[in-house]
Amino acid sequence: MTDRVTVIGWDGSPLTAAARSALSAATLVAGAAHHLALPEVPERAERIRLGSVSLAARRIAGHRGSAVVLADGDPGFFGVVRTLRAPEHGLEVEVVPAVSSVAAAFARAGMPWDDARTVVAHPRTLRRAVNVCRAHPKVAVLTSPGAGPAELALLLEGVHRTFVICEELGTAREQVTVLTSDKAADHVWRDPNVVIVIGGGTGTAGTGGGWIAGHEPGYPGGVRGWALPTRAAGAEPLGEGESEQLRAAQLARLGPRTGDLVWDIGSGSGAFTADAARFGAAVIAVDSDLAACTRTDAAARRAGVQAQVVHGHAPQVLERLPEPDVVRVGGGGAAVVAACADRRPERIVAHAANRDEAEAIGAALTSGGYTVECALLQCVELDPRGWEERERSVVFLLSGRAPDRAP
């Protein structure tokens, strides 16, 4: 029975001596159709078209002889190595790597990629991959059938990006196309392909790079902390609903993260939008006041993050927005909270200035099927020089969690 398998990466270049040696001794070879057509694959070897890697791994484990798996690019980078190494298969894996398709795509584009995010888009993860493209200025997307360039473009509606689409890298049919995202849905793209999504203007290109791949940890610009005082966050305070203490509590309950889409309804100063985006989430900020939209856009730019700002009245404007993961309702009361609950985000937070309003919001969350928590937050700002009171605010904080979603 086979307990060892050699995994060979293929990037279109001639195979290395180690790869040719492993193939020449193979009695079973698994791979895609173009891999199995390589002249180095022995005619006598059993051949498996690689669809489900788990199924192939079980057949390899039961095979008597020497097994080889061929895979595109670096098989250890979002590739077959992880599945083959699963304990249930009992396989010892030897890897002969090649240039990953992401590295090859950026090479074709002539761009550095140490500051890029890399995501995998399957039909089940497409929405989260799109949210990363909304939130970050340079993203490499490893696509799949049903989650390719056209689908990315359709879900990015309203957000301008440039696509660098690299089809069939390493083959004679390789093609690189550069176009704006709104044009990508008008074409039929060949698999496999990698899409580099660029835009937003907050990347590190031209700055000499950083010290960690992907992104700088913490706040952009090296600012330490979160829920900073509103002016320090790049915004102007607009009353007790904008206090940093309330904002900290809202962020703690929502927990925005990379891959999420956050709705910030009634964005006001833009401080919450900037904070949520600093956590890596994509943010759509909504406000009926055009001046507030301008402030929110400016706050995001000063904070070095990206956000989509929509001018319109909630709840009507919410109908055309993509599905959120978490929602902060900064204005609009129970009617807006009820409309948000209809979209089934995982969590919703809102605040109220008095008990009647708090009860109405709580009832809207409960009617929507949410588990509701309410806290009365009192904040007294003191002058540490004389310990005199500067400002006092009291506000009800309400949060709802969908019980059918992960906590």
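Residues numbered from 1 in each chain as written. Predicted model: local features only at pLDDT ≥ 70, side-chain atom pairs only at ≥ 80, totals over all residues. Heavy atoms only, no water.

Caption draft 1: Representation of the pattern of salt bridges. Within the structure shown, the criterion is met by 23 salt bridges. Where Arg 385 meets Asp 383, a salt bridge forms, and the shortest distance between an N and an O atom there is 3.1 Å. Three or more residues are tied together by salt bridges with common partners; here these are Arg 127, Arg 128, Arg 257, Asp 260 and Asp 325. (Salt bridge = Lys/Arg side-chain N within 4 Å of Asp/Glu carboxyl O.)

Caption draft 2: Fine view of the nonpolar core. Counting 28 residues, the largest nonpolar core has Trp 263, Ile 265, Leu 318, Val 329, Cys 340 and Ile 348 as its most contacted members. Looking at this core, the elements with two or more residues in it are β11 (261-265), β12 (282-287), β14 (326-329), α12 (333-341), β15 (347-352), α13 (355-367) and β17 (388-401). When neighbours within four sequence positions are excluded, Ile 265 is seen to be in contact with Val 286, Ala 314, Leu 318, Val 327, Arg 328, Val 329, Gly 330, Gly 331, Val 336 and Cys 340. Ala 121, Val 141, Leu 152 and Ala 184 belong to the second largest nonpolar core, which has 21 residues in total. (Core = buried A, V, L, I, M, F, W, Y, C linked by side-chain atoms within 4.5 Å. Buried < 20%, exposed > 50% of the residue type's maximum accessible area, 1.4 Å probe, protein only. Helix = DSSP H or I, 4+ residues; strand = E, 2+ residues; numbered from the N terminus. Contact = heavy atoms within 4.5 Å.)

Caption draft 3: Region of the structure containing the packing of α12 against α13. Close contact between α12 and α13 brings their axes to 8 Å; oriented N to C, the two are set at 15°. Regarding the angle of α12 to α13, the classification is roughly parallel. α13 is crossed by α12, and the crossing has right-handed handedness. Taken together, the residues of α13 that come into contact with α12 (itself represented by Gly 333, Ala 334, Val 337 and Ala 338) are Ala 360, Ile 361, Ala 364 and Leu 365. (Axes fitted to C-alpha atoms, helices over the stretch in contact; angles between N-to-C directions. Parallel < 35°, antiparallel > 145°, perpendicular 65-115°, else oblique. Left-handed = near helix turned anticlockwise from the far one by under 90°.)

Caption draft 4: The arrangement of the sheet that holds strand β16 (residues 371-383) in detail. On the basis of which strands lie adjacent, the open sheet formed by 7 strands has the order β13-β12-β11-β14-β15-β17-β16 and mixed pairing. The open sheet terminates on both sides in strands that have one partner only, identified here as β13 (308-311) and β16. Strand-to-strand twist in this sheet, taken as the mean axis angle between neighbours without regard to direction, amounts to 20°. Each of β11, β12 and β13 is contacted by helix α6 (residues 126-135), which is oriented at about 70° to β12, the strand it contacts most. (Pairing = 2+ DSSP bridges.)

Caption draft 5: Structural detail: helix α10 (residues 271-278). When you tally the buried positions in α10, you get 8 out of 8 residues, the bulk of the element. Within α10 the residues assigned to the buried category are Ala 271, Phe 272, Thr 273, Ala 274, Asp 275, Ala 276, Ala 277 and Arg 278. Against α9 (244-254), β11, β12, α11 (290-303) and β14 lie the buried residues of α10. Gly 280, located one to two residues past α10, shows a positive phi value of around 100°.

Caption draft 6: Just the pairing of β13, in detail. Alternating positions in β13 separate cleanly, Gln 308 and Val 310 being buried on one face and Val 309 and His 311 remaining unburied on the opposite face. Between the parallel elements β12 and β13, the chain passes through α11 in a crossover that is right-handed. (Right-handed = clockwise from strand over helix to strand, strands pointing away.)

Caption draft 7: Helix α5 (residues 101-109), seen in detail. Three or more residues of α5 are buried, namely Val 102, Ala 103, Ala 104, Ala 105 and Phe 106. Each element contacted by the buried residues of α5 is listed here: β6 (117-120), β7 (138-142), β8 (162-167) and β10 (193-198). Positive backbone phi, at 65°, marks Gly 110, one or two positions downstream of α5.

Caption draft 8: Region of the structure containing the pairing of β15. The element β15 is extensively covered by neighbouring structure, given that 5 of its 6 residues are classed as buried. With 4 bridges connecting them, β14 and β15 associate as parallel partners. Within β15, the residue paired with Val 326 across the bridge is Arg 347. The parallel pair β14 and β15 is bridged by α12, and the resulting crossover is right-handed. Inspection of the sheet shows β15 paired to β17 by 6 bridges, in the antiparallel sense. The partner of His 351 across the bridge, within β17, is Leu 397.

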